[in-house]
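Chain residues, written in single-letter form:
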Amino acid sequence: MALSEKGFHVAVVGATGAVGQQMIQTLENREFPISKLTLLSSPRSAGSKVLFKGVEHTVQVAKPESFEGVDIALFSAGGSVSLELAPEAVKHGAIVVDNTSAFRMDENVPLVVPEVNEMDLHEHKGIIANPNCSTIQMVVALEPIRKQYGLNKIIVSTYQAVSGSGAAAVEELYEQTKAIVANESYEPKILPVKSDKKHYQIAFNAIPQIDKFQENGFTYEEMKMINETKKIMHLPEIQVAATCVRLPVATGHSESLFVEVDQAGITAQDVKDLLENAPGVVLQDDPENQLYPMPANCVGKNDVFVGRIRKDLDNEKGFHMWVVSDNLLKGAAWNSVQIAESLVKLGIVK
């Protein structure tokens, strides 16, 4: 990527975690212009060795002084770490791209998906929030439709991968699967929420809870999708409802969407034609040949895959579609690096 002749000092906070590792790999794959790379983590993971472009880097303990001279800091180490250290990074002159929920709904912090609201980056005051993984892929698929035909209602059901709960949850999925196949006993310890009262098996199961329940009956994950969509699209009045479900899939979130547009007379083919050339979208929609997006085929890819586009049978302005993406890449690491690329491209970081 030839964004700039100058290299930037980039820090990755949470460098040994699943998303942090993907951030590092994505920076390398994209050939992001880096003059110096600082890898940071908790004391427990400090001292680990990570390869970047064939050079071994030692992970250091994240502390305020770690950000001296850093231009861009990519955070993915948990909300409490971001709340503590992101302001410190800003004080040292860094622009923070935060992958946690710590700042997403802060009115002073842009919540950015570059394909949707890249220009919001100009409003940053040091911190930029990366949205929730399931929100990101949905708004990438819907933004071209919003721009062309308007949107007034979204109803989404998600089918989310276990990696959204971390590497330990994926390992639990594998161990449970082996135990069930071998007719052995096991004790679920992580899902749906590690800190919640009860835990359920995820192998050969579907859990209709992601994050904790709120007083209104929705989970926190569902409220993230609702509130973040309104903020990103600058549509506080849009109707959004979400039901989020965890499935025994390691990587790749899937979503079933019903959307209602503003204009009448739109066909499914109109929507397909629109999405075929949309930024960040790959259209896979050929029912006759059973072509549609699946999580197994999206792993390791940066795009959002869309298919099963069809017009609602009863609502003239309603459409259904199926949206799939790698939750660790477009849902986290790639969107964060993409924001960093936009900061360079727009001349916000120099």
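Relevant structure appears above.
So, how was this worked out
Residues numbered from 1 in each chain as written. Predicted model: local features only at pLDDT ≥ 70, side-chain atom pairs only at ≥ 80, totals over all residues. Heavy atoms only, no water. Disulfide = S-S within 2.5 Å. Buried < 20%, exposed > 50% of the residue type's maximum accessible area, 1.4 Å probe, protein only. 1 Å grid on protein atoms, 1.4 Å probe; cavity = no way out; pocket = protein on both sides within 12 Å on 5 of 7 lines; lining within 4 Å. Points joined across faces, edges and corners; volume = space filled by probe spheres on them. Nonpolar A, V, L, I, M, F, W, Y, C, P; charged D, E, K, R; others polar. Helix = DSSP H or I, 4+ residues; strand = E, 2+ residues; numbered from the N terminus. Pairing = 2+ DSSP bridges. Axes fitted to C-alpha atoms, helices over the stretch in contact; angles between N-to-C directions. Contact = heavy atoms within 4.5 Å.

J.: Outline the state of the cysteines, supporting the account with residue identities and numerical values.
T.: Using the criterion set out here, one finds zero disulfides in the structure. Unpaired in terms of disulfides, Cys-133 finds its nearest cysteine sulfur in Cys-244, a separation of 8.9 Å. The exposure class of Cys-133 is buried, given its relative accessible area of 15%. Counting only cysteine sulfurs, Cys-133 is the nearest neighbor of Cys-298, a cysteine outside any disulfide, at a range of 12 Å.

J.: Let's hear about empty space enclosed by the protein: which residues, and what values?
T.: Counted according to the given criterion, the structure contains one cavity of 30 Å³ or more. The calculated volume of the largest cavity comes to roughly 30 Å³. Taken together, the residues of the lining of the largest cavity sort by class into four nonpolar, two polar and no charged.

J.: Describe unusual backbone geometry, listing the residues and the values that go with them.
T.: That bond from Leu-191 to Pro-192 is cis: its omega, 10°, falls within 30 degrees of zero. Relative to the elements of secondary structure, Pro-192 occurs in the loop between helix 5 (167-181) and helix 6 (220-232). Despite not being glycine, Gln-290 shows a phi value in the positive range, around 55°. Its location among the elements puts Gln-290 in the loop between strand 12 (281-283) and helix 8 (295-298). At Arg-308, a residue that is not glycine, the phi angle is positive and equals roughly 55°. When its relative accessible area of 41% is taken as the criterion, Arg-308 is described as partly exposed.

J.: I'd like to hear about the sheet that holds strand 11 (residues 253-261), residue by residue, with values.
T.: Spatial ordering of the open sheet is given by 10-9-11-14-13-12, a layout of six strands whose pairing is mixed. Taken across any chain shown, the strands that pair with only one partner, and hence form the sheet edges, are strand 10 (239-246) and strand 12. Within this sheet the neighbouring strands show an average axis-to-axis angle of 25°, counted without direction. Docked against the sheet, helix 4 (residues 133-149) engages strand 9 (151-160), strand 11, strand 12, strand 13 (304-311) and strand 14 (318-325), running at close to 25° with respect to strand 11. Its contacts with the sheet put helix 6 on strand 9, strand 10 and strand 11, and the angle it makes with strand 10 is roughly 145°.

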